[in-house]
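# Examination of the molecular architecture
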Amino acid sequence: MQSSLRRTRGAAIGAAVAISLGAGGIGISQATTSSGEMPIYVPIEPCRLADTRPAVQVGPRSTPLGAAETYTLSGWGTAGDCTLPTGTTGLSLNVTAIGATLPTFLTLFPASSSLPNASHLNPVPGQPPTPNAVNVDLDGAGEFSIYNKQGTVNVIID
């Protein structure tokens, strides 16, 4: 009885491993840039890129984002409390929305691109600070934008 139970348990574990590996091995994805070079992830010391709250302002802005407003930031060089490598193609950020006055959404995207049809954060009034991990591509000048749909909302970007 016990060896039958072990075989059943072993078969179940084997099936789960085969399903999770696609029954053929582990796939590796690769990303390329238009030049054919592969971008790599380079971690930096955690830092605050922007905080729009007046009492603790980091970066050039000390007011919340307004309705239908797009705010552009640099992802290269000295920005806020950060020193970011020039020439990077994207950033991995922690973005927090604070004090929304209306239900809204925030979207981050490369500065020279059109506003995408997606959101990264969806804060509502009375909600505690709402963080989310966001990966954003930078445009050719190393900039990205953040768009606020409606009302006002403060934003922290780390």
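Residues numbered from 1 in each chain as written. Predicted model: local features only at pLDDT ≥ 70, side-chain atom pairs only at ≥ 80, totals over all residues. Heavy atoms only, no water.

### Details of the side chain of Asp139
Within the fold, Asp139 resides in the loop between strand 7 (130-137) and strand 8 (143-148). Side-chain polar atoms of Asp139 contact the backbone nitrogen of Ser112, separated by 3.2 Å. Engagement of the side chain of Asp139 in a polar contact is seen with the backbone nitrogen of Glu143, the distance being 2.9 Å. Ignoring anything within four residues of it in the chain, the contact list for Asp139 reads Trp76, Pro110, Ala111 and Ser112. (Helix = DSSP H or I, 4+ residues; strand = E, 2+ residues; numbered from the N terminus. Polar contact = N/O pair within 3.5 Å; in protein donor to acceptor, adjacent residues only side chain to side chain. Contact = heavy atoms within 4.5 Å.)

### Let's talk about the sheet that holds strand 2 (residues 69-74)
Read across the sheet, 3 strands follow the order 2-8-6 without closing on themselves; strand pairing throughout is antiparallel. If you trace the sheet from one side to the other, it starts and ends with strand 2 and strand 6 (106-110), each paired once. The average undirected angle you get between the axes of adjacent strands in this sheet is 25°. Looking at chain direction, strand 6 and strand 8 are connected through 5 bridges and run antiparallel. The partner of Pro110 across the bridge, within strand 8, is Phe144. (Pairing = 2+ DSSP bridges. Axes fitted to C-alpha atoms, helices over the stretch in contact; angles between N-to-C directions.)

### Some points on the nonpolar core
The biggest cluster of nonpolar side chains holds 25 residues, and the ones touching the most others in it are Leu93, Val95, Leu108, Phe144, Ile146, Val155 and Ile157. At the level of secondary structure, the elements contributing two or more residues to this core comprise strand 2, strand 4 (82-84), strand 5 (90-98), strand 6, strand 7, strand 8 and strand 9 (154-157). Ranked by residues supplied to this core, first place goes to strand 5 with 4 residues. Not counting residues up to four positions away in its chain, the partners in contact with Ile146 are Leu65, Glu69, Thr70, Tyr71, Val95, Leu106, Thr107, Leu108 and Val155. (Core = buried A, V, L, I, M, F, W, Y, C linked by side-chain atoms within 4.5 Å. Buried < 20%, exposed > 50% of the residue type's maximum accessible area, 1.4 Å probe, protein only.)

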